[in-house]
Each structure stands twice: as structure tokens, then as C-alpha cells.
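Residue-level structural notes
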Amino acid sequence: MQLSYGHAVAGRATLFTKSCSRIVEKPSVDVVVAGAGLGGACAALWLSASKRVLLLSGTAPAASGVAAGLINPFAGQRVVPSWHADLAYKDLLDTLAQADASDTYDACGILRTALDKPQSVKLRSLVQEHADSFTWLPPDEAHSRFPYVSAPFGAAITTGGVVDTPKMLEYTHGTIASRCTVLASDLVGWEDTGSGVTVTLKSGPSLHASKLILALGAGYKSFPVLSALNLHCIKGQIVRVRTPESFSHSIPVSGYGYVVPLRDTLILGTTYEHSFQNDQPTKVGSQNILALTQQMVPCIKTADILNTAAGIRVGVPGTRLPMVGPLSGNVWVLTGLGSQGLLFGAHIGRNLVNWITNPEHVPNELRLQKKRRI
Ligand SMILES: Cc1cc2nc3c(=O)[nH]c(=O)nc-3n(C[C@H](O)[C@H](O)[C@H](O)COP(=O)(O)OP(=O)(O)OC[C@H]3O[C@@H](n4cnc5c(N)ncnc54)[C@H](O)[C@@H]3O)c2cc1C
């Protein structure tokens, strides 16, 4: 969806918003949010409920555009509960309601296949610890309920589900645009003046705001001051295929990668590339994803491939938690959403109004940290 159009006219910034065609000159706002991926969009959504916000949607590709949409409170090979999973899950539901996007989420659960005997033991122990979040399916039951899934060591159905992320972002951007100004321009610099921030855009003159939130995803690399933060980029790829007829449930399957049903397609993922040349999908990446997911859902072998996409996740090495906090008095960073952009983005967005007024309320484990010297 095209949210807005920005261009310089005789040195003046002219903004056309989706919600209203008024022309805004040198807007004076409470908060400028730079970046409109899941991080920036959730932040702008919640902030715009009570503040005058300007959202800079940027021109670089967003990782959020390729997110498979999995809401997995027990993610990863180790199947550990993710940070503040209950709280973040509630914040996600509130965020969807706030964006009028509740119908983009299907709380269908996730079918988690055990990859080997030790993982089968682990999953069964989790069923005992988190009885309200897990249902254990021994191999024969997994086979009879989900015949298109190979689960020789059994599987668990966990809580969670799938967000139709492109639609969720479209609705969220729409709600934001109905409340405040959205400008498709890039941030090129800022100055914290003590009493506020002067924000410099690629197109047009400077803006003045009380606060600036930097939610730039991998775009942080353009700013040396942000490169000092303890961040690491991991490229990820997905392959989209047409749903084979035998894939008869709408529940996503996770184990050897993941297979996520979305409308009449399956999203297959993913790769974790720690060094890469660019953010484009590759043939090798697609081959690896297809080989991985076919071990779990064999009918993928004959599915029609529709397209591929890739994006760059920004994570915080060591904690695997997001990072949020003031870089200087009036300039905040919101980053490190890693593979959990939906849960973490919603949780931070929901709390940001409180946190920017009371920075001491930001949980210690989420505060900004610099790269450690080796
Ligand atoms: C293959 C893949 C699959 C994934 N699957 C899932 C999933 O199933 N579930 C899940 O929860 N998460 C998933 N993720 C993770 C999720 O996509 C990320 O955590 C999330 O998108 C990060 O959001 P972000 O807003 O921090 O960054 P981005 O989405 O990258 O957004 C950054 C924004 O900043 C803008 N920008 C950059 N520079 C500037 C600038 N100078 N000025 C203004 N704007 C700028 C960009 O244009 C963009 O709009 C997946 C990621 C990948 C790569």
C-alpha cells in the first residue's frame, strides 16, 4: 500500500498523507519515528494514540515484509519459552486490536515435530511443565491427524499461530495514517538540542520534534554512532509455494525449518546467513529450504514454487533480546527484534509511551549495550 508521497518543492518539504490530502509544511510534532517495519509501526501505532507523531517510512526494504508470520512462544531448536512470552503475547493481541487488525491473526497453534529421541523427551517434559500450552501427539497419533507430516518421533501442538504479516502491516499503517502524518522519506541525520531533536531528511528541510525513535532495522548501518551498538545482522530467506492438496490443515508445522500456511500458499523457511553479500534471495538458499522442509512435509517436493524473498534480521548477540533505550536524552533506539519481530515489536510498542517518559522503567535486559571489545 502506498501510504504517502514526499518530495521537495523549492526546498520545502511537502507531505501528502493517505488520510487527508492536506499539505503540511515544517510539521512540529511530539515524536518522529524513523522506520515503518514491525518495530517502527508498532511504536508509531501506540504513540499516535496520545501524541502527535510523524512516521518516516523510509525507502529501504524492510525485513518485516518477508516475515513468515509465526507467533511461536516456544521458538528455536532448544524449545525454550521466549522472553516474557505471556506478556508479549497479550501485547500482540492488544496491538492487533489497536490497529483494527485482529482478524489477521489465526491462533491455530503450531505443530512442532520432534527431530530425534532427545527432543521427543524434551517436548514431553514441556507438556508436563506447561500443560496449558502443549499437547503431546505420539508418532501414530501425529500420523493419523496430520498424515502429510513426517513425525517419526512424535510432535506437540503448542500455543501460538500465524499473523498475515503483510495485511497486519497494511492495517497498522492505515490506522497510523488516519491519526498522523506518514512520509516516505529517509532520515539522514539528527541533532539532539537538549530541549528536543532536529531531524534531517533526505528530502526537504529539517523537522523539529521532542523525541526521535530510530527503528531502522538493518538501516542502522548507515549511522556510525549506531554501529557501535552490540548488533549483528542475519540474512533470512523464504520460499513461497502453492499449497498442495494433501496439506489439509491450516496449522503451521515447525521442526526442520517451518511450513506456514498463508491464504492459498505455504511459506517455507528459513536460512540463517551470518555473512552475505546483499539482501537478495539466492538459488542455494531456496534449495536448502526446500530440502529441509521436505524432510518434515514430503508433499512439498511436488509443490509449485511461486517466489522467493529475503530480508535481514537484526539481533543482539548474547541476549537474543531486543534493545531499546535512549542514545541521548531525546533520541531513542528500538532494534534487535531478531526472529521475533511480531511479539517483540508489539511488546515494545505497547510500553514505549511509558518508557520514553520514564526511561528507568525499561527492563535492564533490554537496555542499549555497546559492542564488546575482543
Ligand atoms: C526470512 C524471515 C522470516 C521471518 N519470520 C518471522 C516470523 O515468522 N515471525 C516473527 O515474529 N518474525 C519473523 N522475522 C523477523 C522479523 O521480520 C523482524 O524481527 C522484523 O521485521 C524487524 O522489524 P524492524 O522494524 O526492526 O526492521 P525492518 O522490518 O527491517 O524495518 C526497518 C525499517 O526502517 C526503514 N529505514 C531504514 N533506514 C532508514 C532511514 N535512514 N530513514 C528512515 N527509515 C529507514 C526501512 O525502510 C524499514 O521500513 C523474520 C525475518 C526474516 C528475515
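What comes next is a walk through the structure. (Residues numbered from 1 in each chain as written. Predicted model: local features only at pLDDT ≥ 70, side-chain atom pairs only at ≥ 80, totals over all residues. Heavy atoms only, no water.)

Examining the side chain of S133
Using the following cut-off: Secondary structure is summarised from DSSP: a helix means a run of H or I of at least four residues, a strand means a run of E of at least two, and numbering begins at the N terminus for each. Burial here depends on accessible area, computed with a 1.4 Å probe over protein chains only, as a share of the maximum for the residue type. Under 20% is buried, over 50% is exposed, and the range in between is partly exposed.
Relative to the helices and strands, S133 resides in the loop between α3 (117-129) and β9 (134-137). Judged by relative accessible area, S133 falls into the buried class, the value being 15%.

Side note on the site of the ligand
Inclusion rule: If a single non-hydrogen atom of a residue is within 4 Å of a molecule or strand, that residue counts as near it. The definition of a polar contact used here is a pair of N or O atoms within 3.5 Å, where within protein one atom must be able to donate a hydrogen and the other to accept one, and adjacent residues in sequence count solely through side-chain atom pairs. Per-residue accessibility takes into account occlusion by the displayed protein chains alone, with areas from the Shrake-Rupley method and a 1.4 Å probe. The residue classification treats Ala, Val, Leu, Ile, Met, Phe, Trp, Tyr, Cys and Pro as nonpolar and Asp, Glu, Lys and Arg as charged. All others, Gly included, are polar. Domain delimitation in this document rests on an assignment produced automatically or drawn from a domain database.
Around the ligand, a shell composed of 38 residues is seen, among which A60, S64, L70, L187 and G338 lie nearest. With respect to the ligand, the backbone of L187 contributes an N or O atom lying 2.8 Å from a nitrogen atom. Here an oxygen atom of the ligand and a backbone polar atom of L216 are 3.4 Å apart. Protein chains shield 95% of the accessible area of the ligand, which is 1000 Å² for the free molecule. For the shell around the ligand, the secondary structure elements donating two or more residues are α1 (38-47), β16 (232-242), β20 (305-315) and α8 (341-357). For the shell around the ligand, the residue count by class is 17 nonpolar, 19 polar and two charged. Inspection of the shell around the ligand shows a minimum of three residues originating in each of domain 1 (27-104 + 163-228 + 319-374) and domain 3 (232-315).

Observations concerning the packing of α1 against helix α2 (residues 85-98)
Put simply, the test is: Lines fitted to the C-alpha atoms define the axes, with helices restricted to the stretch that makes contact. Angles between their N-to-C directions range from 0 to 180 degrees. Angle categories: roughly parallel below 35 degrees, roughly antiparallel above 145, roughly perpendicular from 65 to 115, and oblique for all the rest. With the far helix as reference, a near helix turned anticlockwise by less than a right angle produces a left-handed crossing, and one turned clockwise produces a right-handed crossing. It only takes one pair of heavy atoms within 4.5 Å for two residues to be counted as in contact.
It is the contact of α1 with α2, at a shortest axis distance of 11 Å, that shows an interaxial angle of 65 degrees. One finds that α1 runs roughly perpendicular with respect to α2. The crossing of α1 and α2 is left-handed. Note on element contacts: α2 touches α1 through D94, T95 and Q98, opposite C42, L45 and W46. Looking at the contact of α1 with α2 residue by residue, the classes come out as three nonpolar, two polar and one charged.

A closer look at the sheet that holds strand β10 (residues 155-158)
Inclusion rule: Strands are treated as partners if at least two bridges between them are detected by DSSP.
Taken together, eight strands build an open sheet; the order of strands is β9-β10-β8-β17-β18-β19-β16-β20 and the sheet is mixed. On the outer flanks of this sheet lie β9 and β20, each paired with one strand and no other. Looking at each pair of strands side by side, their axes are set apart by 25 degrees on average, direction ignored. Sitting on the sheet, α3 touches β8 (110-113), β9 and β10, and the angle it makes with β9 is about 135 degrees.

Description of the packing of aromatic side chains
The criterion, for reference: Put simply, two rings from Phe, Tyr or Trp (the six-membered ring, in Trp's case) pair if the centres are within 6.5 Å, and we call them stacked under 30 degrees between planes, edge-to-face over 60, tilted for the rest. Only when the NZ atom of a Lys or the CZ atom of an Arg is both within 6 Å of the ring centre and within 35 degrees of the ring normal do we say a charge sits over the ring.
The tally for this structure, following the rule as stated, stands at five aromatic pairs. Centroid distance F74 to F134: 4.7 Å. Interplanar angle 70 degrees. Geometry classified as edge-to-face. A residue pair is termed long-range when its members are at least 10 positions apart, and F74 in the loop between β6 (70-71) and α2 and F134 in strand β9 qualify at 60 residues. Residues F74 and F134 agree in their burial class; the two are buried. Here the aromatic rings of Y148 and F247 are separated by 4.5 Å at their centres, their planes lie at 40 degrees, and the arrangement is tilted. Separated by 99 residues along the polypeptide, Y148 in the loop between α4 (139-145) and β10 and F247 in the loop between β16 and β17 (253-255) bring together distant segments of the chain. On the accessibility criterion, Y148 (6% relative accessible area) is buried. On the basis of relative accessibility, which here comes to 5%, the residue F247 falls in the buried class. Here the aromatic cluster, defined as three or more aromatic residues joined through ring pairs, consists of F146, Y148 and F247. Over the ring of W46 we find R350, and its NZ or CZ is 4.3 Å from the ring centre.

Looking at the sheet that holds β6
With antiparallel pairing, three strands are arranged side by side in an open sheet as β6-β11-β7. Edge positions in the sheet fall to β6 and β7 (105-106), since each has one partner strand and no second. As judged from the two bridges shared by β7 and strand β11 (residues 161-163), these two strands associate in the antiparallel manner. In the strand pairing of β11, Y105 is matched with V163.

Overview of the packing of α1 against α8
Viewed as axis vectors pointing N to C, α1 and α8 meet at an angle of 40 degrees, and their least axial separation amounts to 8 Å. By the angle between their axes, α1 is oblique relative to α8. The interaxial crossing formed by α1 with α8 has right-handed handedness. Only G341, L342, G345, A346, G349, R350, L352, V353 and I356 of α8 make contact with α1, whose side of the interface consists of L38, C42, A43, W46 and L47. Of the residues that constitute the contact of α1 with α8, the class distribution is ten nonpolar, three polar and one charged.

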